[in-house]
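Examining the three-dimensional arrangement
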Amino acid sequence: DSGVTQTPKHLITATGQRVTLRCSPRSGDLSVYWYQQSLDQGLQFLIQYYNGEERAKGNILERFSAQQFPDLHSELNLSSLELGDSALYFCASSPPGQGTTDTQYFGPGTRLTVL
Amino acid sequence: GESVGLHLPTLSVQEGDNSIINCAYSNSASDYFIWYKQESGKGPQFIIDIRSNMDKRQGQRVTVLLNKTVKHLSLQIAATQPGDSAVYFCAERVWRDSSYKLIFGSGTRLLVRP
């Protein structure tokens, strides 16, 4: 158990809908990262937040957005869902002030199925 | 459980043998590397890391080797056990678009034969 929690574990929805995925980082971690993992593309970095502020952006679609709240939990919002958005979505967190390292600890993921 | 990467390269080893999983990374400026293990239905789990100023690092039953000349990373698992069966990802840290990012490899599936 990494200490990172994600809810829900599974989500089934229809095309065009909007969903929210939730992540709680490990105690003391300030950074939260979101990744998408699909069968044919591996782990793709979406976005990073650090202490409530957006720190880095990856391959995140405009239909997707995220935020990190004062209690450091984060939510990933996916809207106008398409069949191709079906994937595993992982959240990871890392401790502050790591300097030359960047170890990220992953949650168990949310399996999103868009029908 | 979930199947990740149905078309991943697969390494099949006998229980008790040593395993070597290889990874080629792309950016010569990458300064930090991590190996993750992902079991079916679970998130990636940190195994071991190495900084670019090192060429070898050992953990419990695992060793990571870094060859910066050819941009190659390997993970050696000693006395492989059935519980080692998983998909293994290497990740490199790169400076891109004004921030550090982890770029993951496509993964290798390790199957341990009893």
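For the structure, see preceding data.
Residue positions are counted from 1 within each chain, in the order its sequence is given. Here chains are named by letter from A upward and ligands by number from 1 upward, in the order in which they appear as written. Side-chain atom pairs in this predicted model are given and counted only at pLDDT of 80 or more, local residue features only at pLDDT of at least 70, and totals for whole chains, interfaces and linings cover all residues. Here the side-chain values reflect all heavy atoms present in the structure, with hydrogen atoms and water set aside.

Okay, the state of the cysteines next. Each disulfide is one covalent bond, formed between the sulfur atoms of two cysteines. Disulfides are defined as pairs of cysteine sulfur atoms found within 2.5 Å of each other. Summed over all chains, the structure comprises two disulfides over all chains. Linked covalently through their sulfurs, Cys 23 of chain A and Cys 91 of chain A form a disulfide whose S-S length is 1.8 Å. Measuring handedness by torsion sign, the sulfur bridge of Cys 23 of chain A and Cys 91 of chain A sits at about -50° and is left-handed. Residue Cys 23 of chain A is found in strand S3 (residues 19–24), and its partner Cys 91 of chain A is found in strand S9 (residues 87–94); the two are separated by 68 residues along the sequence. Using a 1.4 Å probe on the protein chains alone, a residue whose accessible area is under 20% of its type maximum counts as buried, one over 50% counts as exposed, and one in between counts as partly exposed. The exposure class assigned to Cys 91 of chain A is buried, which follows from its relative accessible area of 0%. In this model Cys 23 of chain B forms its disulfide with Cys 90 of chain B; the gap between the sulfur atoms is 1.7 Å. To qualify as a helix, a DSSP run of H or I must reach at least 4 residues; to qualify as a strand, a run of E must reach at least 2; elements of each kind are numbered from the N terminus.

Residues and elements named next belong to chain A. A carboxyl oxygen of Asp or Glu within 4 Å of a side-chain nitrogen of Lys or Arg is what we treat as a salt bridge. Throughout the structure, instances matching the rule amount to seven salt bridges over all chains. The residue Arg 63 makes a salt bridge to Glu 82 at a minimum N-O spacing of 3.7 Å. Linking Arg 63 in the loop between strand S6 (53–57) and strand S7 (64–68) with Glu 82 in the loop between strand S8 (74–78) and S9, this pair joins segments that are 19 residues apart in sequence. A residue is classified by how much of its surface remains accessible, and Glu 82, at 44% relative accessible area, is partly exposed.

Adjacent strands of a sheet form backbone hydrogen bonds with each other and so pair up, either parallel or antiparallel. Residue and element names in this part refer to chain B. Paired strands are those between which DSSP finds at least two bridges. The strand order S2-S7-S6-S5 describes an open sheet built from four strands, whose pairing is antiparallel. Each end of this open sheet is capped by a strand with a single partner; those strands are strand S2 (19–24) and strand S5 (56–58). The sheet shows a mean angle of 15° between the axes of neighbouring strands, direction not considered. Pairing of S5 with strand S6 (residues 62–67) involves three bridges; the strand directions are antiparallel. In the strand pairing of S6, Gln 58 is matched with Thr 63. Only the stretch in contact is used when a helix axis is fitted, and all axes are lines through C-alpha atoms; the angle between N-to-C directions ranges over 0 to 180 degrees.

Residues count as neighbours in contact if any of their non-hydrogen atoms are within 4.5 Å of one another. Contacts between chain B and chain A engage 23 residues on the former and 25 residues on the latter. Carbon and sulfur atoms supply 56% of the area buried between chain B and chain A, which totals about 1800 Å² over both sides. At the boundary of chain B and chain A, one finds zero salt bridges. N or O atoms closer than or at 3.5 Å make up a polar contact, with two conditions inside protein: a donor-capable atom paired with an acceptor-capable one, and, for residues adjacent in sequence, both atoms drawn from side chains. In this assembly, chain B and chain A are joined by three residue pairs in polar contact (both at pLDDT 80 or more). The leading source of residues in the side of chain B that touches chain A is strand S9 (residues 99–104) of chain B, at five residues. Residue polarity follows a fixed list, in which Ala, Val, Leu, Ile, Met, Phe, Trp, Tyr, Cys and Pro are nonpolar, Asp, Glu, Lys and Arg are charged, and the others, Gly among them, are polar. Partitioning the side of chain B that touches chain A into residue classes produces 11 nonpolar, six polar and six charged. A 1.4 Å probe defines the accessible area here, and the buried area is the portion of it lost by two parts on being joined, summed over both.

Our next topic: the environment of Lys 37 of chain B. All names here are of chain B. As for its placement among the helices and strands, Lys 37 is situated in strand S3 (residues 32–38). Taking the relative accessible area as the measure of exposure, Lys 37 reaches 13% and is therefore buried. With 71 residues separating them along the chain, Lys 37 and Thr 108 place their C-alpha atoms 9.7 Å apart. Setting aside residues no more than four positions away along its own chain, Lys 37 makes contact with Gly 43, Pro 44, Gln 45, Ile 47, Gly 83, Asp 84, Ala 86, Val 87 and Tyr 88. Of note is the side chain of Lys 37, whose polar atom sits 2.8 Å from the backbone oxygen of Gly 83.

With that out of the way, let us pick up the nonpolar core. Residue and element names in this part refer to chain A. Think of a nonpolar core as a cluster: buried Ala, Val, Leu, Ile, Met, Phe, Trp, Tyr and Cys residues, connected wherever their side-chain atoms sit within 4.5 Å. Formed by 21 residues in total, the largest nonpolar core has its most connected members in Val 19, Leu 21, Trp 34, Leu 76, Leu 78, Tyr 89 and Leu 112. Counting only elements with at least two residues in this core, the list comes to S3, strand S4 (31–38), strand S5 (42–50), S7, S8, S9 and strand S11 (110–114). Dropping the residues within four chain positions of it, Leu 21 is found in contact with Thr 7, Pro 8, Leu 11, Trp 34, Ser 74, Glu 75, Leu 76, Leu 78, Tyr 89 and Thr 110.

Attention now moves to unusual backbone geometry. Across the junction of Thr 7 of chain A and Pro 8 of chain A, the peptide omega takes the value -10°, indicating a cis bond. The residue Pro 8 of chain A is located in the loop between strand S1 (5–7) and strand S2 (10–13) in this model. Look at Lys 71 of chain B: it is not a glycine, yet its phi comes out positive at around 55°. The topology assignment puts Lys 71 of chain B in the loop between S6 and strand S7 (72–77). With a relative accessible area of 28%, Lys 71 of chain B lands in the partly exposed category. Positive phi outside glycine occurs at Asp 97 of chain B, with the angle close to 55°.

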